[in-house]
Amino acid sequence: MGSRAALLLRATPPLCALGKSASPKVLVQNKRFYAAKSSLQPPDVPRLAETARISLTPQEVEEFAPKIRQVVDWFGQLQAVDLQSVEPAIRADTEGDNLRNDVPEIFENRDAIIAAVPTYEDSYIKVPKVLNKE
Amino acid sequence: MPSTAGSRLLENYRPPFDATAVRKLRESGAIVVGKTNLDEFGMGSTTEGSAYQVTANPWDLSRVPGGSSGGSAAAVSARQCMVALGSDTGGSVRQPASFCGVVGLKPTYGRVSRYGLVAYASSLDVIGCFGSSVADSGILLGAISGHDKFDATSSKRDIPDYASQFVAIDYLESKPLKGLRVGVIRETLEDGVDSEVISSVRDAVSHLEQLGCTATEVSLPSFSLGLPAYYILASSESSSNLSRYDGVRYGNQVFGDELNSLYGDSRAQGFGSEVKMRILMGTYALSAGYYDAYYKRAQQVRTIIRNSFKEALDNNDILISPAAPTVAYKIGEKKNDPLAMYAGDIMTVNVNLAGLPALVLPCGFVEGGPAGLPVGFQLIGAAFSEEKLLKIGHIFEQTLPGCSFVPPIVADE
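Under an unreviewed UniProt entry, the name given to chain B is Glutamyl-tRNA(Gln) amidotransferase subunit A, chloroplastic/mitochondrial, and the source organism is Handroanthus impetiginosus. The Subunit (unreviewed entry) comment attached to chain B in UniProt states, word for word, "Subunit of the heterotrimeric GatCAB amidotransferase (AdT) complex, composed of A, B and C subunits." Recorded under Function (unreviewed entry), the UniProt text for chain B is reproduced unchanged: "Allows the formation of correctly charged Gln-tRNA(Gln) through the transamidation of misacylated Glu-tRNA(Gln) in chloroplasts and mitochondria. The reaction takes place in the presence of glutamine and ATP through an activated gamma-phospho-Glu-tRNA(Gln)."

The name given to chain A in an unreviewed UniProt entry is Glutamyl-tRNA(Gln) amidotransferase subunit C, chloroplastic/mitochondrial, with the source organism recorded as Handroanthus impetiginosus. Under the heading Function (unreviewed entry), UniProt records this for chain A: "Allows the formation of correctly charged Gln-tRNA(Gln) through the transamidation of misacylated Glu-tRNA(Gln) in chloroplasts and mitochondria. The reaction takes place in the presence of glutamine and ATP through an activated gamma-phospho-Glu-tRNA(Gln)." Heading Catalytic activity (unreviewed entry) of the UniProt record for chain A holds this comment: "L-glutamyl-tRNA(Gln) + L-glutamine + ATP + H2O = L-glutaminyl-tRNA(Gln) + L-glutamate + ADP + phosphate + H(+)".

1. Describing unusual backbone geometry
Omega for the bond connecting Gly67(B) with Ser68(B) falls within 30 degrees of zero, at 15°, which places this linkage in the cis form. Locating Ser68(B) in the fold gives a position in the loop between helix H1 (20-27) and helix H2 (70-77). The backbone phi angle of Arg53(A) is positive, close to 55°, even though this residue is not glycine. Looking at the element boundaries, Arg53(A) is found in the loop between helix H3 (45-51) and helix H4 (58-75). Taking relative accessible area as the criterion, Arg53(A) reaches 34% and is therefore assigned partly exposed.

2. A closer look at helix H7 (residues 259-270) of chain B
Residue and element names in this part refer to chain B. For H7, spanning 12 residues, the distance from its first C-alpha to its last is 16 Å, which sits close to the expected 16 Å at 1.5 Å a residue. Looking only at H7, the buried set comprises Leu 259, Leu 262, Gly 264, Ser 266, Arg 267, Ala 268 and Gly 270. On its buried side, H7 packs onto helix H8 (273-285).

3. Some words on the pattern of salt bridges
Residues and elements named next belong to chain B. Applying the stated criterion to the full structure yields 16 salt bridges over all chains. A salt bridge links Asp 314 to Lys 310; the shortest N-O distance between them is 3.7 Å. Here Asp 314 and its partner Lys 310 are both found in helix H9 (residues 292-315), 4 residues apart, which amounts to about one turn of the helix. Accessibility expressed as a relative area gives 52% for Lys 310, which makes it exposed.

4. A look at the sheet that holds strand S7 (residues 358-366) of chain B
Remark on secondary structure: sheet strands pair via backbone hydrogen bonds, oriented parallel or antiparallel. Residue and element names in this part refer to chain B. Spatially, the 8 strands line up as an open sheet ordered S1-S3-S2-S7-S8-S6-S4-S5, and their pairing is mixed. Across the chains shown, the open sheet's two edge strands, defined by having one partner strand only, are strand S1 (83-88) and strand S5 (214-218). Mean inter-strand twist for the sheet, computed between neighbouring axes without regard to direction, equals 30°. One ladder, built from 8 bridges, connects S7 with strand S8 (residues 373-380); its direction is antiparallel. When the sheet's bridge partners are listed, Leu 359 is paired in S8 with Leu 379. With respect to the sheet, helix H4 (residues 134-144) is in contact with S1, strand S2 (103-106), strand S3 (126-131) and S7, its orientation differing from that of S3 by roughly 145°. Those strands touched by helix H12 (residues 386-399) are S2, strand S6 (318-322), S7 and S8, and its axis lies near 20° from that of S7.

5. Topic: a nonpolar patch on the surface
Residues and elements named next belong to chain A. Together, Tyr 120, Ile 125, Val 127, Val 130 and Leu 131 line one region of the surface with nonpolar side chains, adding up to about 480 Å² of accessible area. Here Leu 131 is to be found in the segment after strand S2 (124-125). Looking at Leu 131, the relative accessible area reads 80%, which means it is exposed.

6. Points about the UniProt feature "active site" (unreviewed entry) in chain B
All names here are of chain B. When the UniProt feature table is mapped to this numbering, "active site" (unreviewed entry) covers Ser 68 and Ser 92. On the basis of their most widely separated C-alpha atoms, the annotated residues across 25 residues gather in one place, lying no more than 4.7 Å apart. Setting aside anything within four residues of it in sequence, one finds Ser 68 in contact with Asn 37, Leu 38, Asp 39, Gly 42, Met 43, Gly 44, Ser 45, Thr 47, Ser 87 and Ser 92. In terms of polar contacts, Ser 68 uses its side chain to reach the backbone carbonyl oxygen of Gly 42, at 3.4 Å. By the secondary structure assignment, Ser 92 is in the loop between S1 and helix H3 (94-100). Sequence-distant contacts of Ser 92, defined by excluding residues within four places in its chain, comprise Gly 42, Gly 44, Gly 67, Ser 68, Ser 69, Ser 87 and Phe 130. Among the polar contacts made by the side chain of Ser 92, one reaches the side chain of Ser 68 at a distance of 2.8 Å.

About the criteria used
- Note that residues are indexed from 1 along each chain, following the sequence as it is written.
- Chain letters and ligand numbers both follow the written order, the letters beginning at A and the numbers at 1.
- Given that this is a predicted model, residues contribute local features only at a pLDDT of at least 70 and side-chain atom pairs are listed and counted only at 80 or more, while totals for whole chains, interfaces and linings are drawn from all residues.
- The basis for every side-chain value is the complete set of non-hydrogen atoms in the structure, without hydrogens or water.
- UniProt positions are given in the numbering used here, feature names are shortened, and annotations may be inferred rather than shown by experiment.
- Numbered from the N terminus, helices here are DSSP runs of H or I no shorter than four residues, and strands are runs of E no shorter than two.
- Classification of residues uses two cut-offs on accessible area relative to the type maximum, computed with a 1.4 Å probe and protein chains only: under 20% is buried, over 50% is exposed, and between them is partly exposed.
- Take the residue count of a helix, subtract one, and multiply by 1.5 Å to get its expected span.
- The contact criterion used is simple: two residues touch if any of their non-hydrogen atoms lie within 4.5 Å.
- The rule for a salt bridge is simple: a side-chain nitrogen of Lys or Arg has to be within 4 Å of a carboxyl oxygen of Asp or Glu.
- Whether two strands pair depends on DSSP finding at least two bridges between them.
- Lines fitted to the C-alpha atoms define the axes, with helices restricted to the stretch that makes contact. Angles between their N-to-C directions range from 0 to 180 degrees.
- By definition, no residue in a patch forms a salt bridge, and every one has over 30% relative accessible area; like charges are joined within 9 Å, nonpolar side chains (Val, Leu, Ile, Met, Phe, Trp, Tyr) within 5 Å.
- In this description, accessible areas are obtained by the Shrake-Rupley approach with a 1.4 Å probe, and a residue is regarded as covered only by the protein chains that are shown.
- Between N or O atoms, a polar contact is any pair within 3.5 Å; within protein, one atom must be a potential hydrogen donor and the other a potential acceptor, and residues adjacent in sequence are included only when both atoms are from side chains.

Structure below.
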């Protein structure tokens, strides 16, 4: 990474003083955050891929794992920010009471929705067997 | 018209309805000439992340147009269309506008309905406007704004007539922006930002002062926290939003003997690397027991950022920063370094976290390419103050001396 970009990724020191116990050896990027917050395990890419239903090749696992770990470690800087008694914000402010009445409406272009289904037979969306385990 | 969102998964997908923003444009008489390239599902800052093509920057064909809505920015810059829409989750309209020397407008969260927009991170996504002038961007915003019963986050506020307040240069007073308080965000003009970008933005501030503004420096100490908070929220929300692409109801399908392999293989074939990685990061951040450490903390940071903007905007009418820390860089330069690419979003992501409107205008050039590379600066306003931003922007662009933001490939024709 270019040095300029690296500067931008650094949080300001007073807000982001990481674990006091970090010895010089633990300052290696990837270990630093997990050492400071031992209850969090580093990302296990094959398991995450299974959870997210993405069949990764072994080459992809090898390629993605260090990158994901690098980014997740960088996420870790927020652990050091004092956020006690700060309310989380779900999104920017929006005005309430915007929900429409819960009344069904007929969508006119039904045929186009059905035309987009990859495997469609006799008014059914076809998928492989769901219950095939003992 | 096909809608791929730059993804192989939606290669032949034809949506059964128009997005509300597009429907409104058609109803106003607009002619839709096509759709443009983007980073897959909006995830990227260069448009290199498209599953189809790499878009070039009209100012220098060896450089990226920015992203994710880089195709829209390049099309407007090359004068292939008058205006274009894009989506801005963390800067995807403003950064490419800056890289391509066009106007980019990110409206307030809730100003424009997202019905029909392919969702990336729903707490941040907005539809934005590109134009080769502020006036065009304002007309476009007026046409697409307003409440929509199909988007509960869309606001019922009145839509101002953005175009009616524009004053042509011959009718401007000598100090048309007299009394306007401009806050220059200190943290955006420090180390890590290209020095030529800083001097262009400082020149733009001087120009605003000549127009009558009072400029002071303001500090937003939480500014640097916005970047990790943004990437936690965006990747988490994307892991949820993109779960709809399972290959069952639409999109490319890889049929298998078992349902989970149909899902897994369709998604593996359909998604590109960056999308897969962001889904996996989001899946990690939302894992049981990790929610409080990542997603919730990022939401708390959002509160801090929102409050710091509010305070700064109580004391200033608008805030100013560069639109990006650099000008357009070379194709391939940051392709394999996600953190280097993410760092380029520092100027824009905080505005999405706070849900505020922002207008990016070209303000100068730095050396590079056949005819220089454009620099954009960002005007940030309070929620629903698009009218004010456009008015200031319109005066700025008419009075900026000696700057024509037409790329050489167009000007030479």
